[in-house]
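# Working through the structure, step by step
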Amino acid sequence: MEYSRWVIEVGTYVGEESSASFNHTHFLSHSSNYFDENVLYKLLICDCGLSRTIFPNTLEYLLLSVIHGLLNGECSPEIRLLGCAVLASPCKDDKMIKPCRSTCEALRKDCSHAFEAIEMAWPYFLDCDRFFASNREGCFDPLAGMKEQAMSSLSPEEPSTIIQFTYTSNAQMYSLLKRTAAKCAQISHVYSIGRSTEGRDLLVIEFTNNPGQHELLEPEIKLVGNMHGNEVLGRQLLLYLAQYLCSEYTLGNQRIQTIINTTRIHILASMNPDGYELAAAEGHLLNGWTNGRTNAQNIDLNRNFPDLTSVFYRNRRSRHYRIDHIPIPDAYWFGKVAPETYAVMKWIRSLPFVQSASLHGGELVVSYPFDFSRHPQEERMFSPTPDEQSFKQLARTYADSHATMSNNDTDRCGASFYRTRGIINGALWYSFAGGMSDFNYLHTNCLEITVELGCDKFPSEAELYPEWKRNKEALLSFFESVHRGIKGVVKDVDGNGLKGATVSVRGIRKDVTTAEDGDYWRLLNPGTHILTATAKGYSRVTKRVHLPHNMNKAGRVDFVLIPVEPDIDDHLFPTVDTWDRFDPYNQFERYSEPGAREEGIERQEKPWWWTYFSQSGMSPPHWLLRSV
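All values reported here derive from a predicted model rather than from experimental measurement. (Residues numbered from 1 in each chain as written. Predicted model: local features only at pLDDT ≥ 70, side-chain atom pairs only at ≥ 80, totals over all residues. Heavy atoms only, no water.)

### Here's the deal with the overall build of the protein chain
Spelled out, the test is: A run of DSSP states H or I qualifies as a helix once it reaches four residues; a run of E qualifies as a strand once it reaches two. Both are numbered from the N-terminal end. Residue burial is assigned from relative accessible area. The probe radius is 1.4 Å, only protein chains are included, and a residue is buried under 20% of its type maximum, exposed over 50%, and partly exposed in between. Contacts are assigned to residue pairs with any non-hydrogen atoms lying within 4.5 Å of each other. Throughout, the Shrake-Rupley method with a 1.4 Å probe supplies accessible areas, and for residues the shown protein chains are the sole cover considered.
Helix and strand counts for the protein chain come out as 20 helices and 20 strands. In the protein chain, buried positions account for 53% of the 628 residues. Contacts spanning at least 24 positions in sequence make up 75% of the contacts within the protein chain whose residues lie at least 6 apart. Only carbon and sulfur atoms are counted for the fraction: they give 49% of the accessible area of the protein chain, which is about 29,000 Å².

Next up, the structure:
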């Protein structure tokens, strides 16, 4: 058979056998060189309810057969019905009836974001101008029956967010994040902060009313999941959270709109996609306590950050040594730095994050810095930061908003956190060096807590929805908690913002520095505080501030600094500038694995779905690739 299209009587086979139903087995026995039986049988009739149609090239049918999975259920079955209407158009009086152009244009407008999310071009056979007709020319609406059914089943209740509570592969995660960002392009976009050891993207989704840039006085907050690849619940919760924020903002949820309009949120659902790949291959029933925990280099990412806590302990009694914004020791770069760690460090340094949470599994508790004991020989020793009270309040916010974390009768996985109502100082729990939370605090302005979501690191899918219900309010409350304490702008006498100025609080030996435009944020609990702002070559300005208990937003405290002669200390102790030294000897490139990185880049030249079509035995569908 050399033809690519055949006329087929759907319902009655015209040939040796005649029956009430189409005998697909007989037809396939004469065409086995051209088609896979399962694919053809699913697509031959195409659920269009037609009695006579034309059968086209099979690659288009193959696309329609898998479109539901490719788009993760979005715009399906609409795309399939529309495709069938073109590829298997109905006939009347031996004349083909085209589907309506208005239907095609409406569907393309609603679904183009889903194709963009998986880097797939809009299929050529759904070209609204070429293969569809206007109402005046005479056409039919292939979605008419579906629309009628939808109208008849409409509920008087208000629309709500729908989330599929299942596990997602890495490819599905990337698709979901891109699709979510495209769907809510006015408040969201995705960006990559780097690649894993095996070349997988470390993809972040951002939510704000002006995506892609920092706004003056708008605090930045981040959530990180799946740092340990086998601790998967946090990864799933963050994916659900991204969908929830997008949907609820669109539906007019006032609380969500307020959060997004006043906060810049960054979500890294998986910091260790390579480890997840290993853990997911075993599944939740077989996965052990450690399989997939580390990255592909067998590095524990939460032990791989610079140990700045030891530097802090050594120098905390020196009057001239800063104990905030501690630079990364040059010696660190001569060890093995994971590409995931490197990417996250650059990310942390690039944005003025105010607070953060890293989601883990294995316990039910919120821990906060320091994670490394002030006496290294002590495995469990209370080791507070200068911001102990702010950290406790931050941890308390999540634990108290969680459905069960702060309950005294909650199962604690064998530990005893019920006495502290679900929060604990990290080093008092168990001490370790090189953690991400300590690094955030000592190298930047950011206060990060660690949220242990439960005893089971890899729960069954049946537990995903209950866990979402337990954690949703805690996640939203955590976002809202960034709007406390004080914020403001440090300016010169001409009104220009001063980058890198310091704002200190009397009694708390940890300063914060101003961002690019001179704005700053300082998490503080209610009470009276003495603030001082200063910058190189400028005067010091001190203000007394009272924060009442009933404040529901950060207080605004601005400073105007006057130029003065530089302090002699600026010449004697110029340690601050070394903060800018990041991998000064390019050691990371030396220790990275170029082969794996190049393979990852090569793999990304074609979308993840390309192999499915290119290995189908037919000509690869280059028409599905988006033009650059």
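### Comments concerning the pairing of strand S9 (residues 353-360)
To keep it simple, the criterion reads: Any two strands with at least two DSSP-identified bridges between them are counted as paired.
When you tally the buried positions in S9, you get eight out of eight residues, the bulk of the element. Here strand S7 (residues 220-225) runs beside S9; their pairing, made up of six bridges, is parallel. Paired with Lys 222 across the strands is Ser 356, a residue of S9.

### Quick look at the pattern of salt bridges
The test is simple: By definition, a salt bridge exists where a carboxyl oxygen of Asp or Glu is found within 4 Å of a side-chain nitrogen of Lys or Arg.
Within the structure shown, the criterion is met by 20 salt bridges. Here Asp 201 and Arg 195 are joined by a salt bridge, their closest N and O atoms 3.9 Å apart. Accessibility expressed as a relative area gives 16% for Asp 201, which makes it buried. Note on Arg 195: relative accessible area 25%, which makes it partly exposed. Salt-bridge contacts for Arg 470 lead to Glu 467; the nearest nitrogen and oxygen are separated by 2.9 Å. Residue Arg 470 and its partner Glu 467 are both found in helix H16 (residues 464-480); the two are separated by three residues, about one turn of the helix. A single network of salt bridges, built from pairs that share partners, joins Glu 198, Arg 200, Asp 274 and Glu 277.

### Some points on the packing of helix H13 (residues 388-401) against H16
Each pair of packed helices can be summarised by the angle the axes make with each other and by the distance between the axes. Short version of the rule: For helices, the fitted line uses only the C-alpha atoms of the stretch in contact; every axis is such a line through C-alpha atoms, and the angle between N-to-C directions lies from 0 to 180 degrees. Oblique is the label for any angle not covered by the other classes, which are roughly parallel (under 35 degrees), roughly antiparallel (over 145) and roughly perpendicular (65 to 115). Working rule for handedness: look at the near helix, and if it is turned counterclockwise from the far one by less than a right angle, call the crossing left-handed; if clockwise, right-handed. Residues were grouped as follows: Ala, Val, Leu, Ile, Met, Phe, Trp, Tyr, Cys and Pro as nonpolar; Asp, Glu, Lys and Arg as charged; and all remaining residues, including Gly, as polar.
Following both chains from N to C, one finds H13 and H16 inclined at 150 degrees, their axes separated by 7 Å at the closest point. The angle between H13 and H16 falls in the class roughly antiparallel. Note that H13 runs across H16; the crossing there is right-handed. Residues Leu 394, Thr 397, Tyr 398 and Ser 401 of H13 pack against Arg 470, Asn 471, Glu 473, Ala 474, Leu 475, Ser 477 and Phe 478 of H16. Counted by class, the contact of H13 with H16 contains five nonpolar, four polar and two charged residues.

### A closer look at the environment of Tyr 249
The condition that has to hold: A 3.5 Å cut-off defines polar contacts: any pair of N or O atoms within that distance qualifies, except that in protein one atom must be a possible hydrogen donor and the other a possible acceptor, and neighbouring residues in sequence count only when both atoms are side-chain atoms.
Inspection of the secondary structure puts Tyr 249 in helix H8 (residues 233-251). Tyr 249 sits in the buried class, given a relative accessible area of 15%. Tyr 249 sits 62 residues away from Ile 187 along the chain, and the two C-alpha atoms are 8.8 Å apart. Of the polar contacts made by the side chain of Tyr 249, one reaches the side chain of Asn 261; its length is 2.8 Å.

### A word on the state of the cysteines
To keep things clear, this is the line we draw: Two cysteine sulfur atoms make up a disulfide if the distance between them is within 2.5 Å.
Enumeration according to the criterion identifies three disulfides in this entry. Put simply, Cys 100 and Cys 139 are joined by a disulfide, and their sulfur atoms are 2.1 Å apart. Across the disulfide from Cys 100 to Cys 139, rotation about the S-S bond amounts to roughly 90 degrees, and the bridge is consequently right-handed. Remark: Cys 139 occurs in the loop between helix H5 (101-117) and helix H6 (144-152) and Cys 100 occurs in the loop between strand S4 (95-96) and H5; sequence separation between them is 39 residues. A residue is classified by how much of its surface remains accessible, and Cys 139, at 22% relative accessible area, is partly exposed. Between the sulfur atoms of Cys 104 and its disulfide mate Cys 128 the distance is 2.0 Å. Taking the sign of the torsion about the S-S bond as the criterion, the disulfide between Cys 104 and Cys 128, at about -75 degrees, is left-handed. Linking Cys 104 in helix H5 with Cys 128 in the loop between H5 and H6, this pair joins segments that are 24 residues apart in sequence. On the accessibility criterion, Cys 104 (0% relative accessible area) is buried. Relative accessible area serves as the criterion here: at 8%, Cys 128 is assigned to the buried category.

### What about the sheet that holds strand S6 (residues 201-207)?
Here eight strands make up an open sheet; going across it, the order is S5-S6-S8-S7-S9-S12-S10-S11 and the pairing mixed. Two strands close off the open sheet at either side, each with one partner strand: strand S5 (188-195) and strand S11 (423-425). Going from strand to strand, the sheet's axes swing by 20 degrees on average, the running direction of each strand aside. Where S5 and S6 come together, six bridges link them in antiparallel fashion. Counterpart to His 189 in the pairing with S6 is Glu 206. On the sheet, H8 packs against S6, S7, strand S8 (264-268), S9 and strand S12 (447-454) and is oriented at approximately 140 degrees with respect to S8. In this fold H13 packs onto S9, strand S10 (363-368), S11 and S12, with an angle of close to 30 degrees to the strand it touches most, S12.

### Some remarks on the nonpolar core
Counted only if it meets this: Nonpolar cores were defined as sets of buried Ala, Val, Leu, Ile, Met, Phe, Trp, Tyr and Cys residues, with membership established by side-chain atoms within 4.5 Å.
Judged by nonpolar contacts, the single largest core of 103 residues is most densely connected at Phe 207, Leu 241, Leu 245, Trp 347, Tyr 398 and Ile 449. No other element matches H8, which puts eleven residues into this core. If you look at the next biggest cluster of nonpolar residues, it comprises 31 residues, including Ile 67, Leu 70, Cys 111 and Phe 115.

### Points about the UniProt feature "active site" (unreviewed entry) in the protein chain
The criterion, for reference: UniProt positions are given in the numbering used here, feature names are shortened, and annotations may be inferred rather than shown by experiment.
Within the UniProt annotation, "active site" (unreviewed entry) is assigned to Glu 452. Position of Glu 452 relative to the elements: it lies in strand S12. For Glu 452, the contacting residues outside a window of four places in its chain are His 360, Gly 361, Gly 362, Glu 363, Leu 364, Val 365, Met 405 and Trp 429.

### A few points about helix H9 (residues 254-262)
For clarity, the threshold we go by: Arc, as used here, means the arc of the directions from the helix axis to the C-beta atoms.
Within H9 the residues assigned to the buried category are Ile 256, Ile 259 and Ile 260. The buried residues of H9 occupy an angular sector of 90 degrees when the element is viewed end-on, so they sit on one face. The N-cap residue of H9 is Asn 253: its side-chain oxygen and the backbone nitrogen of Arg 255 are 3.0 Å apart.

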